[in-house]
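Analysis of the macromolecular model
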Amino acid sequence: MKQIFDNATHEDRWQAVETRDNRADGQFVFAVKTTGICCRPSCSARHPLRKNVLFFDDVAAAVEAGFRPCKRCQPDKQAPEQQRIDRITQACRILETSSEPIVLAELAAQVAMSPFHFHRLFKQVTGLTPHAFQKAVRAKRLREQLTQGEAVTRAVFDAGYQSGSNYYQQADAVLGMTAKQYQQGGERTAIAYVTGTCRLGQFLVAQSQRGICAILLGSDAQALRAELETLFPHSTLTVGDTQFAGQVTQVVSFLEHPAQQFSLPLDIQGTAFQQQVWQALREIPVGQTASYRDIAQRIGKPQAVRAVAGACAANKLAVIIPCHRVVRHDGALSGYRWGVARKRQLLEIEAKQLEE
Ligand SMILES: [Zn+2]
């Protein structure tokens, strides 16, 4: 959202002050000639007269010009929004490094927040509940350890799954197969797929036992099948039966009308980080766009802009995970796994459907 106030004219700045727009915080400060104090745009203090206001790009410039930072909005301190994001980032680190499951109350206490506010903010920032985030972290660890050849029992335990009657079932549900099968390369997982033509060109829809696992777009059915093979090297690929074709109809209808509800089960496999990014993408409303930087901020990893772009490029579920709604910071379309022309077409389709 930073771009809104880049190169903002003083009138835009004054408007942000008048509306106490907290999105402008950190973009500039305003100083009041009569009081000698400088404030964040969102300061809750009573507004000065416009004629007494000066704007500075940052608090340092205002201080240099002889103004004191306001005690109420503390423009010289980190923005409260950033402080909250930092706490969630800290909580993510704790979850990622802890070998034991952590209950909500304990996690909230570690970042000095109430469980209620912590839960809400965590969901808002990462797109996942702390519980779902923890599950994704465990799943990632389990995959890594199995891939490294760790014995199954040991790997399941080390990944943080609690022993008990459903000890293995939990792990199996995460992997979409038994841990043993996973370790052997998952050769026994079966994937059914169907190819066809829709208004976006050729499509391929694939389904595992758990749900739709790939939606690919292109101009050539053979190439799409080859792409599927690369994505699921250990699976047995078969052409879907008529029952699956019925579900594919639903997928195609969604591809052409992304504003519709989509209710088929999905099999979304990825690292904890990718799942976080993909969840954030699914929360961009139809017809709207966000920048890679926006997404990095929303998941509490503002530095991870390039990694966010990487996760977008690794998306296997076209349109369902709307990576086409992510554009460059300056609004340019940038890349798209299935071609920039198709990205433009999708955004146009969505804009049109909103008008209807
Ligand atoms: Zn103030």
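Calculation rules
Residues numbered from 1 in each chain as written. Predicted model: local features only at pLDDT ≥ 70, side-chain atom pairs only at ≥ 80, totals over all residues. Heavy atoms only, no water. Phe/Tyr/Trp six-rings, centres within 6.5 Å; stacked < 30°, edge-to-face > 60°. Helix = DSSP H or I, 4+ residues; strand = E, 2+ residues; numbered from the N terminus. Pairing = 2+ DSSP bridges. Axes fitted to C-alpha atoms, helices over the stretch in contact; angles between N-to-C directions. Buried < 20%, exposed > 50% of the residue type's maximum accessible area, 1.4 Å probe, protein only. Parallel < 35°, antiparallel > 145°, perpendicular 65-115°, else oblique. Contact = heavy atoms within 4.5 Å. Donors = N, O, S within 2.8 Å, 3.2 Å for Na, K, Ca; no water. Tetrahedral: all angles 85-135°; square planar, octahedral: opposite > 155°, others 65-115°. Expected span 1.5 Å × (residues − 1). Domains from an automatic or database assignment. Buried area = accessible area lost by both parts, 1.4 Å probe. Salt bridge = Lys/Arg side-chain N within 4 Å of Asp/Glu carboxyl O. Polar contact = N/O pair within 3.5 Å; in protein donor to acceptor, adjacent residues only side chain to side chain. Nonpolar A, V, L, I, M, F, W, Y, C, P; charged D, E, K, R; others polar.

**Focus on the packing of aromatic side chains**
Any two aromatic rings considered together are summarised by their centre-to-centre distance and by the angle between their planes. In this structure the tally under the stated criterion is six aromatic pairs. Between F118 and F122 the ring centres are 5.6 Å apart and the planes differ by 55°, which places this aromatic pair in the tilted class. Pair noted here: F118 and F122 are both in helix 5 (residues 115–126), with a separation of four residues, about one helical turn. Ring pairs connect the aromatic residues F118, F122 and F133, which therefore count as one cluster.

**Re the sheet that holds strand 6 (residues 201–207)**
Strand order in the open sheet formed by four strands is 7-6-5-8, with mixed pairing between adjacent strands. The strands lining the two open edges of the sheet, one partner per strand, are strand 7 (212–218) and strand 8 (236–239). Across the sheet, the axes of successive neighbouring strands diverge by a mean angle of 25°, strand direction being ignored. Where strand 5 (residues 190–198) meets strand 8, four bridges bridge the pair, whose relative direction is parallel. Bridge pairing links A192 to T238 in strand 8.

**Things to note about the pairing of strand 1 (residues 29–32)**
Along strand 1, one buried face is formed by V29 and A31 and the opposite face, lined by F30 and V32, is buried too. Sheet analysis places strand 1 next to strand 3 (residues 53–56), joined by four bridges and oriented antiparallel. Along strand 3, the bridge assignment pairs A31 with L54. Two elements, strand 1 and strand 2 (residues 37–39), share three bridges in a ladder whose sense is antiparallel. Across the sheet, V32 pairs through a bridge with I37, a residue of strand 2. In textbook terms, the turn of a hairpin is the stretch between consecutive antiparallel strands, and for strand 1 and strand 2 this stretch comprises four residues, one of which, G36, has a positive phi near 75°.

**A closer look at the packing of helix 3 (residues 80–97) against helix 5**
Two packed helices can be described by the angle between their axes and the distance between those axes. Axis separation between helix 3 and helix 5 bottoms out at 10 Å; the angle between their running directions is 90°. Classified by the interaxial angle, the pair formed by helix 3 and helix 5 is roughly perpendicular. In this structure, helix 3 uses R84, I85, I88, A91, C92 and L95 to contact helix 5, whose residues at the interface are F118, L121, F122, V125 and T126.

**Quick word on the coordination of the zinc ion**
The protein atoms that coordinate the zinc ion are C39 (SG), C43 (SG), C70 (SG) and C73 (SG), at distances spanning 2.2 to 2.4 Å. Considering all four donor atoms around the zinc ion, angles at the metal cover 103 to 126° and the coordination shape is tetrahedral.

**Some details on helix 15 (residues 340–355)**
When the terminal C-alpha atoms of helix 15 are compared, their 23 Å separation across 16 residues agrees well with the 22 Å that a helix rising 1.5 Å per residue should span. Of the surrounding elements, those touching the buried residues of helix 15 are strand 7, helix 11 (242–256), helix 13 (292–298) and strand 10 (326–327).

**What about the domain arrangement of the chain?**
For an interface, size is often stated in terms of accessible area lost upon the parts coming together. For the chain, the assigned domains read domain 1 (2–69), domain 2 (80–127), domain 3 (134–183), domain 4 (190–256) and domain 5 (272–355). Using only C-alpha atoms to locate each centre, domain 4 and domain 5 end up separated by 21 Å. Counting from both sides, the interface comprises 16 residues of domain 4 and, opposite them, 13 residues of domain 5. Summed over both sides, the interface between domain 4 and domain 5 buries roughly 1,300 Å², with carbon and sulfur atoms accounting for 61% of that surface. By the criterion of area lost to domain 5, the three top residues of domain 4 are L200, I215 and L217, representing 41% of everything that side buries. Inspection of the domain 4/domain 5 interface yields one salt bridge. The partner of E227 in a salt bridge is R337, and the shortest N-O contact between them spans 3.0 Å. Counting across the domain 4 and domain 5 interface gives seven residue pairs in polar contact (both at pLDDT 80 or more). Looking at the side of domain 4 that touches domain 5, the elements with two or more residues in it are strand 7, helix 10 (221–231) and helix 11. It is strand 7 that provides the largest number of residues to the side of domain 4 that touches domain 5, a total of seven residues.

**Thoughts on the environment of E283**
Residue placement: E283 occurs in the loop between helix 12 (272–282) and strand 9 (290–291). By relative accessible area, E283 is classed as partly exposed at 40%. Residues E283 and K343, 60 residues apart in the sequence, show an inter-C-alpha distance of 18 Å.

**A look at the packing of helix 12 against helix 14 (residues 305–313)**
Viewed as axis vectors pointing N to C, helix 12 and helix 14 meet at an angle of 80°, and their least axial separation amounts to 9 Å. Compared by their axis directions, helix 12 and helix 14 come out roughly perpendicular. Residue-level inspection shows F273, Q274, V277, W278 and L281 of helix 12 in contact with helix 14, the latter providing A307, V308, A311 and C312. Residues belonging to the contact of helix 12 with helix 14 are distributed by class as follows: eight nonpolar, one polar and no charged.

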